[in-house]
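# Structure at a glance
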Amino acid sequence: MSPDDRVYAYSAVLLGSPILLKLFDHNQTLAARVFRLIKQQEILLTVNRPHSEVMSINHAAGESPVVVSQPVFELIARARAASVLPGSLFNFTIGPLVKRWKIGFQGNSVPPLAEIQALLALTNPHHVILNDRDRSVFLQKSGMEIDLGAIAKGYIADLVRDFLRQEGVEDALINLGGNVQTLGGAADSESGSWGIGLKKPFAGPDELIGVINVRGKSVVTSGVYERYFELAGKRYHHILDPRSGYPLDNELLSVTVISADSIEGDIYTTLLYGMGVEKGLAYLAARPEIEAIFVTRDGQVISSSARQFTFTLLDEDFHQA
Ligand code: ADP
Ligand code: MG
Ligand code: MG
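Residues numbered from 1 in each chain as written. Chains lettered and ligands numbered in written order. Predicted model: local features only at pLDDT ≥ 70, side-chain atom pairs only at ≥ 80, totals over all residues. Heavy atoms only, no water.

A tally of helices and strands in the protein yields seven helices and 17 strands. Over its C-alpha atoms the protein spans a radius of gyration of 20 Å, differing by no more than 12% from the 20 Å that the globule rule assigns to 321 residues. Judged by the C-alpha coordinates and their principal axes, the protein covers about 60 × 45 × 40 Å. Split into buried and exposed, the 321 residues of the protein put 50% on the buried side. Partitioning the intrachain contacts of the protein with sequence separation of at least 6 by distance along the chain shows that 58% fall at a separation of at least 24. If you sum the accessible surface of the protein, you get close to 14,900 Å²; carbon and sulfur atoms cover 50% of it. (Helix = DSSP H or I, 4+ residues; strand = E, 2+ residues; numbered from the N terminus. Rg over C-alpha atoms; globule rule 2.2 N^0.38 Å. Buried < 20%, exposed > 50% of the residue type's maximum accessible area, 1.4 Å probe, protein only. Contact = heavy atoms within 4.5 Å. Areas by Shrake-Rupley, 256 points an atom, 1.4 Å probe, with all protein chains shown as cover.)

For the rest of this paragraph, the subject is unusual backbone geometry. Phi at Leu15 is positive, roughly 55°, even though this residue is not glycine. Structurally, Leu15 is set in the loop between strand S1 (8–14) and strand S2 (17–23).

The subject of this paragraph is the site of ligand 1. Close contacts around ligand 1 come from 18 residues, with Leu89, Asp147, Ser222, Glu226 and Leu240 the closest. The separation between a nitrogen atom of ligand 1 and a polar main-chain atom of Asn91 is 2.8 Å. The contact in question runs from an oxygen atom of ligand 1 to an N or O atom on the side chain of Lys153, over 3.4 Å. Taking 560 Å² as the accessible area of ligand 1 by itself, protein coverage stands at 94%. Grouping the constituent residues of the shell around ligand 1 by class yields eight nonpolar, five polar and five charged. (Near = heavy atom within 4 Å. Polar contact = N/O pair within 3.5 Å; in protein donor to acceptor, adjacent residues only side chain to side chain. Nonpolar A, V, L, I, M, F, W, Y, C, P; charged D, E, K, R; others polar.)

Consecutive side chains of a regular strand alternate in pointing toward one face of the sheet and then the other. Taken across its six residues, strand S14 (residues 291–296) has six buried, putting it largely inside the fold. Going residue by residue along S14, you find Glu291, Ile293 and Val295 tucked away on one face and Ala292, Phe294 and Thr296 tucked away on the opposite face as well. Relative to strand S15 (residues 300–303), S14 runs antiparallel, the two being bridged by three bridges. Pairing of Val295 across the sheet is with Val301, part of S15. Taking the residues that link successive antiparallel strands as the turn, the S14-S15 hairpin has three residues, and the phi of Gly299 there is positive, at about 85°. (Pairing = 2+ DSSP bridges.)

And the structure:
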């Protein structure tokens, strides 16, 4: 039996993505419980179906506060805090623009400038009023919509890790599509760590720039190649710049964050994406617990300090700066 034979992979389609769970046990029941947990969370958080706690908040925008469950309230508080950081390009009230652009969904188009400007007036995170006495959330202006799309996967990946740990699992990997969270390392591999592929942008699904090895860490990648559409030779991807209302446009193809918690990874990928390489590296210098790998349009792979991971470059089109 080769070492890899002892890894059991379970898959499902949830959160609009293929989901992969790796365990060192043949435990179908445990895998089913993990997928059920993910499904339950999706039902609370999604904006892609008519009913969820988040949708109730959005429906009541400009009218009344909505009382939500404790975890959803905490997640919203977290998203708000990240959105009001000075200079933050993370903005969880970006919903009206996300809906209008429909990037990655059917019917996407480039909205007229006047429409973008009108929608920008509905994306001020300070207009979300949280009341922790009754756990209510109020969107002050009619038409406002919160969108937890950028952090829901990270939050859920951390819940899955906590659940597996409680169940006594020591080594596992959950991949929610862009968000990977791990427990321990791949017990049977020579390195004793999990190898996570860094995708080659705009290439085949199995083509990699390189491999990131970690133990018990989260690896989150946000890239311009994940969801986009093309029109008149221009590419429009799914991370929007809350200042302009257009997709963020800079030298980056992707940002990967390596951290303990996947929710941090989610927040920082968006923040760092907006900062670009130079500002991003300076920002991380004061935050040793968060590490990142930037991939630029001109083929450079630039990493911050690398205490929590190792990176192996595999593709000749890219070089490590
Ligand atoms: P996914 O993992 O689903 O690709 P990402 O973590 O890459 O999602 O975040 C992109 C999603 O976040 C978008 O699809 C949208 O729902 C939302 N979003 C877009 N722009 C921003 C922004 N500036 N701040 C916060 N969320 C955003
Ligand atoms: Mg994400
Ligand atoms: Mg992503």
